Amino acid sequence: MKVTYNWLKEFVDFDLNPDELSHLLTMLGLEVDSMEQTGEGLDDVIVALVEERAQHPNADKLSLCRVNNGKEILNVVCGAQNFKSGDKVALAQVGSTLPGDFRIKRSRIRGEESCGMLCSEKELGLADESAGIMVLPADLQIGTPLFEALGIKDTVFEIGLTPNRADCLSVIGVAREIAAKLGKKLSCSLPVVSENGPDISLTASVEILDPDLCPRYTARYISGCTIAPSPQWLVNRLKAVGQRSINNVVDITNYVLMEYGHPLHAFDFRELSGGKIIVKRASEGEIFKTLDGQERMLNVSDLTIRDAERAVALAGIMGGENSEIADDTSNILLESAYFNPSAIRLTSKKLGLHTESSHRFERGTDINILPTALDRAASLISGLAGGVIAKGVIDVFPVPRADKRISVRVSRVNKILGLTLDEPTIAGIFRSLEFRVETDAEGVLQVEIPSFRVDIEREIDLVEEVARLYGFENIPMTMPTAEVFSDLIPRTQILERQVKNFLAGEGFNEVINFSFASHNDISRLNFHESDRRSSAVALLNPLVDEHAVMRTTLLPALLQTTSRNFSLRNSNLRLFEMRRVYLAKPGSELPDEPLHVAGIMTGLRSPEGWNQSKELIDFYDIKGLIESIRTQFKLPELTFVQGGVEPFYHPGKSAAILCLDNLLGTLGEIHPDVQEAFEIDKPVFYFELDFAKLVSLSAEVLPIITPSRFPDTYRDIAMLIDMETPSSAVVNCIKSVKSDKTRTVEIFDLYTGDKIPSGQKSLAVRVRYGSFERTLTDEEVGKVHQKIVNTLITELNITIR
């Protein structure tokens, strides 16, 4: 919200300089984001009189002027053609600096001395374009600084308002705050309207068919207007607060918008069929062209302003192209209405159409200011456009609203703020804000909230008003007292930290990606349509297509991060992410949100160095990582089931991770096609674990097994086995032979190549035998061992080497 120093002084008589006013506003909760001084550093640009204008003797397109600055006559060379002798002009004197750091110097132009420059609006930063120099009003005093003479030397404050302070989206609203703080009276008289036309009821009518969306609608009829450019004072004031001048009638509605904070709209009355205004919801699928020339598709939630045949405005947001004020408009219907904030916000967001009008309506305007704002605009239009105002006002207000009344306890105010204010002081603060106050009981005030303060709803809001007006800087600082509780950290949180610390210790870097993904990201993983992860939860209003759905797996974001690193020539990566995924749940509005931990490994196994081999990471690196996680979490033994687990893995280099027949997660090398889809040209290995299952299966302590006092015996089995048979099948087969003498089974050698039959591999297994009661004899070990060998031959069709 922009306001100017001079505009505020029209409503409050204060003696603060701009810096002091900025501090006061900020301490009131109206934080000043920036200050801009119009005409700052331009006091050397003055009003001057052209005593004589003659042709430059050495240039056809230049004039040689004798200019009176109030002290002396100066020679000035000028190239503009839009002025004459006797005109008053803007003279930039020697030594002045214009916008753009353009310094004026005494110079010779085509042989003639020039002691200054006659300026245009563009050169002074007052306009984007200028056809010539400024020709000033004849009544201005020669020698007076230009900006002071024109009344445009001012300071513009840009205030960062919080959304609840809709009352300060106006100059009067900000002035009211200043007046309350300084104990001044707000000077805001009611506008006077001269009604010289016929009764308005003979010309126009208004009907509200949806009063829930439009509780009140007022209008005035003005005839015989002349559409023309606005006077310079109006143009300058609107420009100062960021508004573009269009014509006198439209500029007046914008002026009143900034002054009172209530949006108005002017209709070309000849375009209103039947002279009638009807306020009703749009039809489903209705097409309406707004003032910006865009066609908008509306539905029944959108409120429109209509004539007898069609929509002529999108209520509270923007007028229609079919009823805008044109150069030949003569008769005007002026609207001042109140619209439901939620309805305006819904339509504005849906259509992506945010205007000064919608900005105010969706925050809540003053329903009782409508006639005042309407009269102010009508009075200005009558004066600046020469219109005749019809007698009477159309005011459709089916259900008038009573102001809110809130009880506030003096003791409660003092307890919350840590003050000892008495009842008269608190009541005086409320009255300074134009609240009506009555004493209800001892220590209790009944406060009637004016309609312009839509943000005041309960007692605590009034406590805040006391704090603001009394001054936050006057509230004593005290240390709060509170009991300190030391709760035990939940086990889940401990394990979450533990797995993060473990992965960091293994050389991984944690990444935090958006929880959003695109439909394309999901489809590139080749999920089957029956897979829950293929049906992602869609966002209602995604900012970009790349963030249109909630992610169902952590993989796409990690692959995108990997791809970006590859493009920056960082190819040795170990990244992990521990975040939630979102899985749609049939029959439920909310999705499941399991916490997953996932990571990628790619590049060299060890950092480059003179004593390090340049071996690449492979499947067994990431498998070993998962086995280390199992140790960290004290999980039961894991089983890795090869192949076919996920469509985004290489089928021969992937596995499902099982723990007690529970699917804990998956790991493997990313499929080449998926890598190509994410623009990755090097092998990437990935794992993803369900953290909740990890926690549920983990143990807090491991059982302690006392080592045997008796020596163990080891036997090896070297065998040929089918290439497709996983080594885990051999280990499981051996463990399936029930014996209390078998301790451990370990694979210690794998060989394929020369002298090994095609389609087979050589595998060597070491079995440890032992007892806690005695030393086993060779015969006892031999019986168990032979039973194991026989089982392998029978079950897995191995050949003993």
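This report concerns the structure included in the present document. These numbers were taken from a predicted model, which means no experiment stands behind them. (Residues numbered from 1 in each chain as written. Predicted model: local features only at pLDDT ≥ 70, side-chain atom pairs only at ≥ 80, totals over all residues. Heavy atoms only, no water.)

## Observations regarding the overall build of the protein
Phase 1: When helices and strands are counted, the protein shows 20 helices and 42 strands.
Phase 2: For 801 residues, the compact-globule estimate of 2.2 N^0.38 gives 28 Å, and the protein exceeds it by more than 25% at 41 Å.
Phase 3: Counting only C-alpha atoms and orienting by the principal axes, one finds that the protein spans roughly 130 × 85 × 65 Å.
Phase 4: Here the protein holds 801 residues, and the buried ones make up 47% of them.
Phase 5: In the protein, the share of contacts with a sequence separation of at least 24, taken over all contacts with a separation of at least 6, comes to 68%. (Helix = DSSP H or I, 4+ residues; strand = E, 2+ residues; numbered from the N terminus. Rg over C-alpha atoms; globule rule 2.2 N^0.38 Å. Buried < 20%, exposed > 50% of the residue type's maximum accessible area, 1.4 Å probe, protein only. Contact = heavy atoms within 4.5 Å.)

## Digging into the sheet that holds strand S18 (residues 276-281)
Phase 1: Strands sit in the order S15-S18-S21-S22-S23 across an open sheet of five strands; the sheet is mixed. Across the chains shown, the open sheet's two edge strands, defined by having one partner strand only, are strand S15 (205-208) and strand S23 (318-319). (Pairing = 2+ DSSP bridges.)

## Overview of the pairing of strand S3 (residues 45-55)
Phase 1: Pairing geometry for S3 and strand S6 (residues 88-92), over five bridges, is antiparallel. Within S6, the residue paired with isoleucine 46 across the bridge is leucine 91.
Phase 2: Two elements, S3 and strand S4 (residues 63-68), share six bridges in a ladder whose sense is antiparallel. Across the sheet, the residue bridging to leucine 49 is asparagine 68, located in S4.

## Structural notes on helix H13 (residues 491-505)
Phase 1: An ideal rise of 1.5 Å per residue puts 21 Å on 15 residues; H13 measures up with 21 Å between its terminal C-alpha atoms.
Phase 2: Burial in H13 covers these residues: Leu495, Val499, Phe502 and Leu503. All buried residues of H13 lie within an arc of 95° about the axis, which places them on one face of the element. Every exposed residue of H13 that faces more than 90 degrees away from the buried side is listed here: Asn501 and Gly505.
Phase 3: Considering only its buried residues, H13 is in contact with strand S33 (573-580), strand S34 (595-602), helix H16 (619-632), strand S38 (685-690) and helix H18 (691-697).
Phase 4: Two residues or fewer past H13, glycine 507 is found with a positive phi of approximately 95°. (Expected span 1.5 Å × (residues − 1). Arc of directions from axis to C-beta.)

## Some points on the packing of aromatic side chains
Phase 1: On inspection of all chains with the given rule, the structure shows 13 aromatic pairs.
Phase 2: A ring pair is formed by tryptophan 7 and tyrosine 255, whose centres lie 5.0 Å apart and whose planes are at 20°; its orientation type is stacked. With tryptophan 7 in helix H1 (residues 5-9) and tyrosine 255 in helix H6 (residues 248-260), the pair connects residues that are 248 residues apart, well separated along the chain.
Phase 3: Taking relative accessible area as the criterion, tyrosine 255 reaches 3% and is therefore assigned buried.
Phase 4: Their ring planes at 65° and their centres at 4.8 Å tell us that tyrosine 221 and phenylalanine 269 sit as a pair that is edge-to-face. (Phe/Tyr/Trp six-rings, centres within 6.5 Å; stacked < 30°, edge-to-face > 60°.)

## Things to note about the packing of helix H5 (residues 232-240) against H6
Phase 1: The interhelical angle for the contact between H5 and H6, taken along N-to-C directions, is 50°, at an axis separation of 10 Å. By the angle between their directions, the pair H5 and H6 is classed as oblique. Regarding H5 and H6, the two cross each other, and that crossing is left-handed. Contacts between H5 and H6 involve Trp233, Leu234, Arg237 and Leu238 from the first element and Asp251, Ile252, Asn254 and Tyr255 from the second. (Axes fitted to C-alpha atoms, helices over the stretch in contact; angles between N-to-C directions. Parallel < 35°, antiparallel > 145°, perpendicular 65-115°, else oblique. Left-handed = near helix turned anticlockwise from the far one by under 90°.)

## Examining the nonpolar core
Phase 1: Counting 80 residues, the largest nonpolar core has Leu8, Leu21, Val174, Ile178, Phe430 and Leu462 as its most contacted members.
Phase 2: By residue number, the principal contributor to this core is H6, which donates eight residues.
Phase 3: Here leucine 462 is in contact with Ile406, Val408, Phe430, Phe435, Val447, Ile449 and Ile456, once residues within four sequence places are set aside. (Core = buried A, V, L, I, M, F, W, Y, C linked by side-chain atoms within 4.5 Å.)

## Some thoughts on the sheet that holds strand S41 (residues 760-769)
In sheet architecture, strand pairing relies on hydrogen bonds along the backbone and comes in two forms, parallel and antiparallel.
Phase 1: Pairing is antiparallel in the open sheet, where four strands are placed in the order S40-S41-S39-S42. The strands lining the two open edges of the sheet, one partner per strand, are strand S40 (742-751) and strand S42 (799-800).
Phase 2: With 10 bridges connecting them, strand S39 (residues 713-722) and S41 associate as antiparallel partners. Bridge pairing in S41 places alanine 718 opposite alanine 764.
Phase 3: Relative to S41, helix H19 (residues 727-736) is tilted by about 35°, and along the sheet it contacts S39, S40 and S41.

## A few points about the pairing of strand S5 (residues 73-78)
Phase 1: Taken together, the six bridges between S4 and S5 define a ladder with antiparallel strand orientation. Across the sheet, the residue bridging to leucine 64 is valine 77, located in S5.
Phase 2: Joining the antiparallel neighbours S4 and S5 is a turn of four residues, in which glycine 70 adopts a positive phi near 95°.

## A look at H6
Phase 1: End to end, H6 covers 18 Å across 13 residues, agreeing with the expected 18 Å (1.5 Å per residue, within 8%).
Phase 2: Positive phi shows up at glycine 261, right after H6, with a value of about 80°.

## So, the environment of lysine 761
Phase 1: Looking at the element boundaries, lysine 761 is found in strand S41.
Phase 2: For the pair lysine 761 and glutamate 473, spaced 288 residues apart in sequence, the C-alpha to C-alpha distance is 83 Å.
Phase 3: Lysine 761 has contacts with Met719, Leu720, Ile721, Asp722, Met723, Thr725, Pro726, Ser727, Leu750, Tyr751, Thr752 and Ile756, leaving out every residue within four places of it along the chain.
Phase 4: In terms of polar contacts, lysine 761 uses its side chain to reach the backbone carbonyl oxygen of threonine 725, at 2.8 Å. (Polar contact = N/O pair within 3.5 Å; in protein donor to acceptor, adjacent residues only side chain to side chain.)

## Here's the deal with the environment of proline 480
Phase 1: Note on placement: proline 480 falls in the loop between helix H12 (459-470) and H13.
Phase 2: Residue proline 480 is classed as exposed on the basis of its relative accessible area, which comes to 70%.
Phase 3: Between the C-alpha atom of proline 480 and that of leucine 64, which follows or precedes it by 416 residues, the distance is 76 Å.

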